[in-house]
Amino acid sequence: MPAANISSQQITAAHQLYCQLTGQTLRLGFDRERQWYEWLRAGFTPEDLRRVVAYLQREIRHGRRNVGALKLSNLLQPDRFEEDFNIRRVRLEPSPLPPAQAPAPLPEAQRELQRLRALDQIRQIKEDLR
């Protein structure tokens, strides 16, 4: 997002979204406004924030991350946020696997031979059980 396009309303909205997602009430002072400005200037969006917070909350619930990962001071560091954003994408959106190819059908003679072998094995098992 170009610097000229970042408004105080966008900063306030991003901060309010963070507070809503985490259940916190944090004052939006000058230092935090500056951090939000830099975060938005780095190109991140409120939807990115929503995704990363949801990812971190899920990881915390499963004991894989510390609750400190949700601290505003951690999230607003663009390098750390970018890392969490990319890790979330890697873990939750794996690259698609190539489609499995079905084996070529066997000729009729081979299928019949396999069927006869299976029947013979079943007969042998039945005899052994008697």
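Criteria and cut-off values
Residues numbered from 1 in each chain as written. Predicted model: local features only at pLDDT ≥ 70, side-chain atom pairs only at ≥ 80, totals over all residues. Heavy atoms only, no water. Helix = DSSP H or I, 4+ residues; strand = E, 2+ residues; numbered from the N terminus. Buried < 20%, exposed > 50% of the residue type's maximum accessible area, 1.4 Å probe, protein only. Contact = heavy atoms within 4.5 Å. Core = buried A, V, L, I, M, F, W, Y, C linked by side-chain atoms within 4.5 Å. Patch = residues over 30% accessible without salt bridge, like charges linked within 9 Å, V, L, I, M, F, W, Y side chains within 5 Å. Areas by Shrake-Rupley, 256 points an atom, 1.4 Å probe, with all protein chains shown as cover. Salt bridge = Lys/Arg side-chain N within 4 Å of Asp/Glu carboxyl O. Axes fitted to C-alpha atoms, helices over the stretch in contact; angles between N-to-C directions. Parallel < 35°, antiparallel > 145°, perpendicular 65-115°, else oblique. Nonpolar A, V, L, I, M, F, W, Y, C, P; charged D, E, K, R; others polar. Expected span 1.5 Å × (residues − 1). Phe/Tyr/Trp six-rings, centres within 6.5 Å; stacked < 30°, edge-to-face > 60°.

**Q** Could you clarify how one ought to interpret the overall build of the protein in this entry?
**A** Within the protein one finds six helices and zero strands. Taking all 130 residues of the protein together, 24% fall into the buried category. Here the contacts in the protein between residues at least 6 apart in sequence split such that 61% fall between residues at least 24 apart.

**Q** Before we go on, may I ask you to explain the nonpolar core in this structure?
**A** The nonpolar side chains of a soluble globular protein tend to be buried, and buried together. Counting residues in hydrophobic clusters, the biggest one holds 22 residues, and the most contacted among them are Tyr 18, Trp 36, Trp 39, Leu 49, Leu 56, Leu 75 and Phe 81. Elements with a minimum of two residues in this core: helix 1 (8–22), helix 2 (30–41), helix 3 (46–61), helix 4 (72–75) and helix 5 (78–92). Once residues within four sequence positions are removed from consideration, Tyr 18 is found in contact with Gln 24, Leu 26, Trp 36, Leu 49, Leu 70, Lys 71, Leu 72 and Leu 75.

**Q** Would you take a moment to explain a nonpolar patch on the surface for this structure?
**A** Taken together, the side chains of Leu 116, Leu 119 and Ile 122 make up a nonpolar region of the molecular surface, amounting to roughly 240 Å² of accessible area. In this structure, Leu 116 sits in helix 6 (residues 108–129). Overall, the relative accessible area of 44% leaves Leu 116 in the partly exposed class.

**Q** What is the right way to look at the pattern of salt bridges in this model?
**A** Pairing is possible between side chains of opposite charge, provided their charged atoms come close. What the rule picks out here adds up to seven salt bridges. Between Arg 50 and Glu 47 there is a salt bridge, with the nearest N and O atoms lying 3.6 Å from each other. Taken together, the residues span about one helical turn, with Arg 50 and Glu 47 both in helix 3 at a distance of three residues. Here Glu 47 falls in the partly exposed class, since its relative accessible area comes to 36%. Here Arg 65 ties to Asp 84 by a salt bridge, and the two come within 3.1 Å at their closest N and O atoms.

**Q** Just checking my understanding: could you explain the packing of helix 1 against helix 2 for this structure?
**A** What describes two packed helices is the angle between their axes and the distance between those same axes. Orientation of helix 1 relative to helix 2, taken along the N-to-C sense of each, is 100°, at an axis distance of 9 Å. Compared by their axis directions, helix 1 and helix 2 come out roughly perpendicular. Between helix 1, through Gln 10, Ile 11, Ala 14, His 15 and Tyr 18, and helix 2, the contact on the second element is made entirely by Arg 32, Glu 33, Trp 36, Tyr 37 and Leu 40. Among the residues forming the contact of helix 1 with helix 2, the class breakdown is six nonpolar, two polar and two charged.

**Q** Even after reading the chapter, I still don't get helix 1, so can you show me in this structure?
**A** Count 3.6 residues to each turn of an α-helix, and residues three or four apart come out pointing the same way. Here helix 1 is 15 residues long and its end C-alpha atoms lie 21 Å apart, about the 21 Å a rise of 1.5 Å per residue gives. For helix 1, every residue scored as buried is listed here: Ile 11, Ala 14, His 15, Leu 17, Tyr 18, Cys 19 and Thr 22. Gly 23 occupies a position one or two residues after helix 1 and carries a positive phi of about 75°.

**Q** Hey, could you run me through the packing of aromatic side chains in this one?
**A** Taken as a whole, this structure holds six aromatic pairs when the rule is applied. Between Trp 36 and Trp 39, the ring centres sit 5.3 Å apart and the planes meet at 85°, which makes this aromatic pair edge-to-face. Remark: Trp 39 and Trp 36 occur in helix 2; sequence separation between them is three residues, near one turn of the helix. Classification of Trp 36 by relative accessible area gives buried; the value is 0%. Residue classification places Trp 39 among the buried positions, given a relative accessible area of 0%. Taken together, the aromatic side chains of Tyr 18, Trp 36, Trp 39, Phe 44, Phe 81 and Phe 85 make up a single cluster linked through ring pairs.

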